[in-house]
Amino acid sequence: MDDAIYYGNYCCKHPSLFLFKNKVYELKDLYLRLTDLNNLYEAFLRCKSGVDWKESVQRYECHVFENLIMLKTMLENQTYRQKPFFEFELNERGKVRHIKSMHISDRVLQRALCDFVLNPELTPHLIYDNGASMKGKGIDFSRRRLKTHLTKYYREHGKNGYVLLIDFSKYFDNIPHDVLKIKLAEKIHDEKVMNLVCYLIDTFEGEKGVGIGSQLSQTVGIYYPTELDQFCKTVKSCKYYGRYMDDTYIIHHDKEFLKKLLEEYSVIADRLGIVINKKKTQIVGLKNGFKFLQMRYRLTDSGRVLVIPVRKSVTRERQRLKRFYNLYHQKQMTKEQVYEQYRSWRGNIIKYDCYRSVRNTDLLLKELFGGKNEKPTRKPARKRNGTYTHRGTNKRACRRTRCSKFGYWRLEGYKVL
């Protein structure tokens, strides 16, 4: 590498061959960061992940470098124009959603725009408890944070308290374009980037609403209610506050405080054009339990937080297995496909307090398809004072029990061979 030439974070022996020293190459100029070929190629690799079997993706990949150079040229000349949306209806748990899908070339641009420009500029202004569609976070993160908040609240105030649950009605369809552009321009100071973002927002017809199906919609949907987050966290000092896209919870010991907070919250939401769903927005006592993100939360007298999946999720899986049974006998599905789907559902739900529901669903799977039924996995061992103990096991009863797979029990805990 003595004859290597260095270009900032790039290292190369030939100007046409660039090797990454870092996965994400960030330039100070936002528009140069967007038009960088390495970032565009990285965006394409992320876009094709999991969907490279599609014909449109394979056609694009056959001439990927030509397509990326063409995209780079259009961006530099500011002549980029998006292809029409592919629109269809999707029925999700009985709720019909209008989806606006995009061509692979447009998804590459939005991936590069969001991952390398918008997210690095907007993420520092988000609160920690905003967990939707962000790297390192997600629905499991938001559920864990709510459980953590309930545990900390119990240590301070006990079981007596209330939770304010807020839900937005048709959140993506009601975001006004003019207010959204102003909010983004406050944080993004590159004129060319803002012109491109404004053009992409205007591709959604009307004066309000961003369609579901594009990455830009997810990014602006995360950032847009930040003023509400800062109002609750900073102005009102609500420690136990969290938001997952259009679902929000606030835990407090004073019910009158939550009522007044909801009134002030609604004023800011009206100014932003956000419509609050009055049917789903309610104040619930912690003693009664509440539902958030398809999970039922209960705070026991001892301070333990029970996280139980809603009954509909288990019922839906049992109905799905019965449909798979008919498809299996019609030779439209194989047994391996059935078990693959069931292991995916089971691996997600077993993390919560639903041992009996999972066991009964295992028995149904065995009854329909035969074979050895799945057993709910035990919680993993945890390390204490240099030794390992297994949760839910009586150490005194197992003191002299030999375990050929994991080791043996001793008085100080569970020792691994």
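Remember, it's a predicted structure, so these values are computed and weren't measured experimentally.

Caption draft 1: Structural detail: the sheet that holds strand S10 (residues 290-292). Ordered in space as S10-S11-S12, the three strands form an open sheet in which the pairing is antiparallel. Looking along the sheet, the strands with just one partner apiece sit at the ends: S10 and strand S12 (305-309). Sheet twist, expressed as the mean angle between neighbouring strand axes with direction ignored, is 30°. Looking at chain direction, S10 and strand S11 (residues 295-299) are connected through three bridges and run antiparallel. What sits directly across from Phe 290, in S11, is Tyr 297.

Caption draft 2: Region of the structure containing the sheet that holds strand S9 (residues 282-285). The four strands are arranged S7-S8-S6-S9 in an open sheet whose pairing can be described as antiparallel. Each edge of the open sheet is held by one strand with a lone partner, namely strand S7 (241-244) and S9. Looking at each pair of strands side by side, their axes are set apart by 20° on average, direction ignored. Two elements, strand S6 (residues 162-167) and S9, share four bridges in a ladder whose sense is antiparallel. Pairing of Leu 164 across the sheet is with Ile 283, part of S9.

Caption draft 3: Structural context of helix H6 (residues 139-157). If you check H6, its first and last C-alpha atoms are 27 Å apart, about what 19 residues at 1.5 Å a residue would give, namely 27 Å. Of the residues making up H6, those classed as buried are Phe 141, Ser 142, Arg 143, Arg 145, Leu 146, His 149, Leu 150 and Tyr 153. On its buried face, H6 sits against S6, S7, strand S8 (247-252), S10, S11 and S12. Of the residues one or two after H6, Gly 158 is the one with positive phi, at around 80°.

Caption draft 4: Just the packing of aromatic side chains, in detail. Under the criterion given, the structure shown has 15 aromatic pairs. Judged by centre distance (5.6 Å) and plane angle (40°), the rings of Phe 168 and Tyr 171 are tilted. In this structure Phe 168 comes out as buried when scored by relative accessible area, which is 2%. Look at Tyr 171 and you get buried, because its relative accessible area is 4%.

Reading the values: rules and limits
Residues numbered from 1 in each chain as written. Predicted model: local features only at pLDDT ≥ 70, side-chain atom pairs only at ≥ 80, totals over all residues. Heavy atoms only, no water. Pairing = 2+ DSSP bridges. Helix = DSSP H or I, 4+ residues; strand = E, 2+ residues; numbered from the N terminus. Axes fitted to C-alpha atoms, helices over the stretch in contact; angles between N-to-C directions. Expected span 1.5 Å × (residues − 1). Buried < 20%, exposed > 50% of the residue type's maximum accessible area, 1.4 Å probe, protein only. Contact = heavy atoms within 4.5 Å. Phe/Tyr/Trp six-rings, centres within 6.5 Å; stacked < 30°, edge-to-face > 60°.

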